Amino acid sequence: MNQTAGAVLGSGRWVRESAVSRAVGRAYFGLQAVAGAAWWIAVFTAPAVRLATLGGIDPVLMAAADVPLFVVASALVALGVRWAAWIAVPWTLLVSAAMVVVATATGAAGWGALLMVAAAIGSVLAWLLLRFGRIPADAALVGPLGFGTARRGTAPLRQLVRTLLQMSVFWILFLGVIPLGLALLEWRWGLRTEFPVAVRVLGAAILLLASALGVWAAFAMALRGDGTPLPSAAANRLVLAGPYRLVRNPMALAGIVQAFGVGLCGGSWLIAVYALCGILYWNELVRPFEEDDLARRFGAEFEAYRARVRCWVPRLRPVG
């Protein structure tokens, strides 16, 4: 196949994928319209729903604005009226921010704040699909998150120190600061539930095991790969040692399981959901770019490795 034919086929594939993505975006807005309508019916027919989601907010005044700007606008987007997204999305973001402020200030309407935050995230992602035919995650892969390799020939001990420092920053931010913020919101918004002691103990065990996996992978990356986990200072050699013989992405797997363990041992279902969302984020938005970079740099060696070792589910026996 010549380059021109390959480009034509690649362009055709992108058009098909873009069309599917836009259909998914429209479908989301359709579901959002139906969910919004069902919620407003519940607000006016079930006092418990009204109290949990609106607190002391006047439902009549809220509905007068939200029904046309959220429900109807979302339905129009689903029907192909794309300009209506410029109404639905900003309104959803505005209401989400307002609900967060109200719930945090009053301790009421916590479920309303949580649902609107979820709707805001979904609306933005669906709008990106409509606008670009994909979610342009590569726009965030700049600076320290951009793809590059570590300086060759750096002493292994120095690479290890850099790796452990990066890991410490990751742990503080993603396993400490963000989960603490979520736990405080969960408490303030009245969403907290009590976890059995056995679940908390299980969570602590999961956290310890996942942390050990992360440290093991960090040592393998620094000492065998001549690099660090940071994308802009990635390994110069394809790492096929340590936990990489069992699973392709042990550090991402460890981080997600760690966060899930933090949620369990901290008695926070919201943190546990945050960890599970990390799977979607990493697998759908980050992994394609990371593996394209590995395939470009290591070619057939990486393709053979990818064929033998799964990304998320560890092998029972390490590859040779």
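Numbering of residues begins from 1 in every chain and follows the order in which that chain's sequence is written. The model is predicted, so local features are restricted to residues of pLDDT at least 70 and side-chain atom pairs to those at 80 or more, both for listing and for counting; the totals for chains, interfaces and linings are taken over all residues. Note that the side-chain values use all heavy atoms of the structure and ignore hydrogens as well as water.

*Asks:* Explain the overall build of the protein chain to me, and be specific about the residues and the numbers.
*Replies:* Each helix corresponds to a stretch of at least 4 residues labelled H or I by DSSP, and each strand to a stretch of at least 2 residues labelled E; elements are numbered beginning at the N terminus. Summing up its helical and strand segments, the protein chain has ten helices and zero strands in all. Overall, the protein chain shows an N-to-C arrangement of helices and strands of α-α-α-α-α-α-α-α-α-α. Over its C-alpha atoms, taken along the principal directions, the protein chain stretches across nearly 65 × 60 × 35 Å. The cut-offs for exposure are 20% and 50% of the maximum accessible area for each residue type, with area from a 1.4 Å probe on protein chains only; residues under the lower value are buried, those over the upper are exposed, and the others partly exposed. Residues classed as buried in the protein chain amount to 38% of the 320 residues present. Any two residues having at least one pair of non-hydrogen atoms within 4.5 Å are treated as being in contact. When contacts within the protein chain are restricted to residue pairs at least 6 apart in sequence, long-range pairs at least 24 apart make up 72% of them. As displayed, the protein chain has an accessible area near 17,200 Å², and 73% of this comes from carbon and sulfur atoms. Calculation of accessible area relied on Shrake-Rupley with a 1.4 Å probe; when residues are assessed, cover is drawn exclusively from the protein chains displayed.

*Asks:* I'd like to hear about unusual backbone geometry, residue by residue, with values.
*Replies:* Within the chain, Ala109 stands out as a residue other than glycine whose phi angle is a positive 60°. Within the element layout of this structure, Ala109 appears in the loop between helix H4 (85-106) and helix H5 (110-132). Not every positive phi belongs to a glycine, and Asp226 is a case in point at roughly 55°. For Asp226, a relative accessible area of 8% gives the class buried.

*Asks:* Could you give an account of the confidence of the model for the protein chain, naming the residues involved and the relevant values?
*Replies:* Confidence of the predictor at the level of single residues is given by pLDDT, which spans 0 to 100. When pLDDT is averaged along the protein chain, the result is 89, and 95% of the positions lie at 70 or above. Element-level pLDDT for the protein chain is lowest in helix H1 (residues 3-45), with a mean of 78, against a maximum mean of 97 in helix H3 (residues 59-78). Below a pLDDT of 50 lies the segment residues 1-14, which in the model reaches three contacts outside its immediate sequence neighbourhood of four places, other chains included.

*Asks:* Can you tell me about the packing of helix H7 (residues 197-225) against helix H8 (residues 250-265), naming the residues and giving the values?
*Replies:* Note on geometry: axes are C-alpha line fits, over the in-contact stretch for helices, and angles between N-to-C directions span 0 to 180 degrees. Their axes nearest at 7 Å, the elements H7 and H8 cross at an angle of 160°. By the angle between their directions, the pair H7 and H8 is classed as roughly antiparallel. Both H7 and H8 take part in a crossing whose hand is left-handed. Seen from H7, the contacting residues are Val199, Arg200, Gly203, Ala204, Ile206, Leu207, Ala210, Ser211, Leu213, Gly214, Ala217 and Ala218; seen from H8, they are Pro250, Met251, Leu253, Ala254, Val257, Gln258, Gly261, Val262, Leu264 and Cys265. Orientation labels follow simple angle bins: below 35 degrees gives roughly parallel, above 145 gives roughly antiparallel, 65 to 115 gives roughly perpendicular, and whatever is left gives oblique. Here is the rule for handedness: rotate from the far helix to the near one, and if that takes an anticlockwise turn smaller than a right angle the crossing is left-handed, while a clockwise turn gives right-handed.

*Asks:* Before we move on, could you go through empty space enclosed by the protein and cite the residues and values that matter?
*Replies:* Here a cavity is any set of points on a 1 Å grid over the protein atoms alone where a 1.4 Å probe fits but cannot get out, and a pocket is any open set with protein on both sides within 12 Å along at least 5 of 7 lines; a residue lines the site when it has an atom within 4 Å of a point. Grid points are joined across faces, edges and corners, and a volume is the space filled by probe spheres set on the points. A full pass over the atoms with the stated rule returns one cavity of 30 Å³ or more. If you add up the space inside the largest cavity, you get close to 40 Å³. Lining the largest cavity are Trp39, Thr53, Leu54, Met62, Val95, Met99, Gly112 and Met116. Taken together, the elements giving at least two residues each to the lining of the largest cavity come down to helix H2 (47-54), H4 and H5. By residue class, the composition of the lining of the largest cavity is six nonpolar, two polar and no charged. Side-chain classes follow a simple rule in which Ala, Val, Leu, Ile, Met, Phe, Trp, Tyr, Cys and Pro form the nonpolar group, Asp, Glu, Lys and Arg form the charged group, and the remainder, Gly included, forms the polar group.

*Asks:* Give me the state of the cysteines: which residues, what numbers.
*Replies:* Any pair of cysteine sulfurs within 2.5 Å is marked as a disulfide. Considering all chains together, one arrives at zero disulfides under this definition. Of all cysteine sulfurs, the one in Cys311 lies closest to Cys277, which takes part in no disulfide; the gap is 17 Å.

*Asks:* I'd love a proper account of helix H9 (residues 269-298), names of residues and values included.
*Replies:* The α-helix advances 3.6 residues per turn, and as a result positions three or four apart in sequence lie on the same side. What a helix is expected to span follows from its residue count: subtract one and scale by 1.5 Å. If you check H9, its first and last C-alpha atoms are 40 Å apart, about what 30 residues at 1.5 Å a residue would give, namely 44 Å. Bend is computed residue by residue as the angle between axes fitted to the seven residues ending at the residue and the seven residues starting at it. Its maximal kink placed at Val286, H9 deviates by approximately 50°, while the proline Pro288 follows within four residues. Looking at the residues trailing H9, positive phi occurs at Gly299, about 55°.

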